[in-house]
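# Commentary on secondary and tertiary structure
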Amino acid sequence: TTDGTLPTATSSELKGAISVEKFDDFKAITLAPDGKRTSLVFESEASLADYRRYGTKLGEWKPNTIGNQTPKLIEFDATGLISANGTYQITFLYTSGAERLDIDKVEVFRNQETAPLATDVHHGFTGGAMHDNAYTLKIEGYQTGARFTVKAYVYGHQGNDSNGLVFLRKAP
């Protein structure tokens, strides 16, 4: 819809380029061939401005990238975002879907090393409500030119219909 109302299976189908005066006026759903509603994620630079306090966007998750009630490894390239030794915070923020995201562990790796530089192990979740969805990692082995990878073990609480954004910021 382009008037800010929530769409349903009986809403008019829009095709082609769509223009709206305000970003918040655009709402959309996708329907699978069996008629079941599925998630649709979109973003704009304006919508990311709402998340600035969490840092820089590191990545996102979608239903096919997370586990279904059991942890699955998801990786994000943090090269250039981890820019020195120090304490970094990684925050998971749910944006849509039927399920919350549960997070069990977040690690940072340098290059192809098998031992993590930093690890934060605790259970957190985001979706509907948030609880302990920020992970703090102290980097002490920064090397100029190194590749940094964030690895997280995540899953949908009762399924994997969950979408969201992951942010990284260096603590002051």
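Here we summarise the structure given alongside this text. The model shown is predicted, which means the values in this text are computed figures rather than measured ones.

For the chain, the count of helices and strands is one helix and 12 strands. Total accessible area on the chain is roughly 9,800 Å²; 48% of this is exposed by carbon and sulfur atoms.

The next point concerns the pattern of salt bridges. Applying the stated criterion across every chain yields a total of six salt bridges. Close ionic contact of K105 with E107 constitutes a salt bridge, the shortest N to O distance being 3.9 Å. Ionic contacts of the salt-bridge type, sharing partners, join the residues K57, E60 and K62 into one network.

The next thing to look at is the packing of aromatic side chains. Overall, the coordinates contain five aromatic pairs when judged by the stated rule. Where Y54 meets F167, the ring centres are 6.3 Å apart and the plane angle is 40 degrees; that geometry is what we call tilted. With Y54 in the loop between α1 (45-49) and β3 (56-61) and F167 in strand β12 (residues 162-170), this residue pair connects regions lying 113 residues apart in the sequence. Judged on exposure class, the residue Y54 and its partner F167 are both buried. Pairing Y142 with F148 gives two aromatic rings, centres 5.6 Å apart and planes at 5 degrees, and the pair type is stacked. Members of the aromatic cluster, each reached through a chain of ring pairs, are Y51, Y54 and F167.

What follows is about the side chain of D120. Here D120 is to be found in strand β8 (residues 118-127). K105 is the oppositely charged side chain nearest to the buried, salt-bridge-free D120, at an N-O distance of 11 Å. Those residues in contact with D120 that sit more than four places away from it in its chain are D104, K105, V106, A134, Y135, T136 and L137.

As a further point, take the environment of K27. Mapped onto the elements, K27 comes out in the segment before β1 (30-31). In this structure the C-alpha to C-alpha distance between K27 and P7, which are 20 residues apart in sequence, comes to 6.6 Å.

The residue T126 is located in strand β8 in this model. In the structure, T126 is positioned 26 residues away from R100 in sequence and 5.6 Å away in space, judged by C-alpha atoms. A polar contact of 3.0 Å, which involves the side chain of T126, links it to the backbone nitrogen of Y94.

In this section: the sheet that holds strand β6 (residues 86-97). On the basis of which strands lie adjacent, the open sheet formed by four strands has the order β3-β12-β6-β10 and antiparallel pairing. In this open sheet, the two edge strands, each paired with only one partner strand, are β3 and β10 (134-139). On average, each strand axis in the sheet is tilted by 25 degrees relative to the strand beside it, whichever way the strands run. Pairing of β6 with β12, which is carried by nine bridges, proceeds in the antiparallel orientation. Each residue of the ladder has a partner; that of Y88, found in β12, is K170.

In this section: the side chain of N133. Relative to the elements of secondary structure, N133 occurs in the loop between β9 (129-131) and β10. You can call N133 buried: its relative accessible area is 11%. Separated by 2.7 Å, the side chain of N133 and the backbone oxygen of F92 make a polar contact. For N133, the contacting residues outside a window of four places in its chain are I90, T91, F92, L93, I103, F125 and T126.

Here we come to the nonpolar core. The nonpolar side chains of a soluble globular protein tend to be buried, and buried together. Among the nonpolar cores identified, the biggest contains 25 residues, and I90, F92, V106 and V150 are the most heavily contacted of them. Of all elements in the fold, only β3, β5 (72-77), β6, β7 (101-110), β10, β11 (148-156) and β12 reach the threshold of two or more residues within this core. Residues Y54, L93, L165 and F167 belong to the second largest nonpolar core, which totals five residues.

The rules behind these values
Residues numbered from 1 in each chain as written. Predicted model: local features only at pLDDT ≥ 70, side-chain atom pairs only at ≥ 80, totals over all residues. Heavy atoms only, no water. Helix = DSSP H or I, 4+ residues; strand = E, 2+ residues; numbered from the N terminus. Areas by Shrake-Rupley, 256 points an atom, 1.4 Å probe, with all protein chains shown as cover. Salt bridge = Lys/Arg side-chain N within 4 Å of Asp/Glu carboxyl O. Phe/Tyr/Trp six-rings, centres within 6.5 Å; stacked < 30°, edge-to-face > 60°. Buried < 20%, exposed > 50% of the residue type's maximum accessible area, 1.4 Å probe, protein only. Lys, Arg positive; Asp, Glu negative; His and termini not counted. Contact = heavy atoms within 4.5 Å. Polar contact = N/O pair within 3.5 Å; in protein donor to acceptor, adjacent residues only side chain to side chain. Pairing = 2+ DSSP bridges. Axes fitted to C-alpha atoms, helices over the stretch in contact; angles between N-to-C directions. Core = buried A, V, L, I, M, F, W, Y, C linked by side-chain atoms within 4.5 Å.

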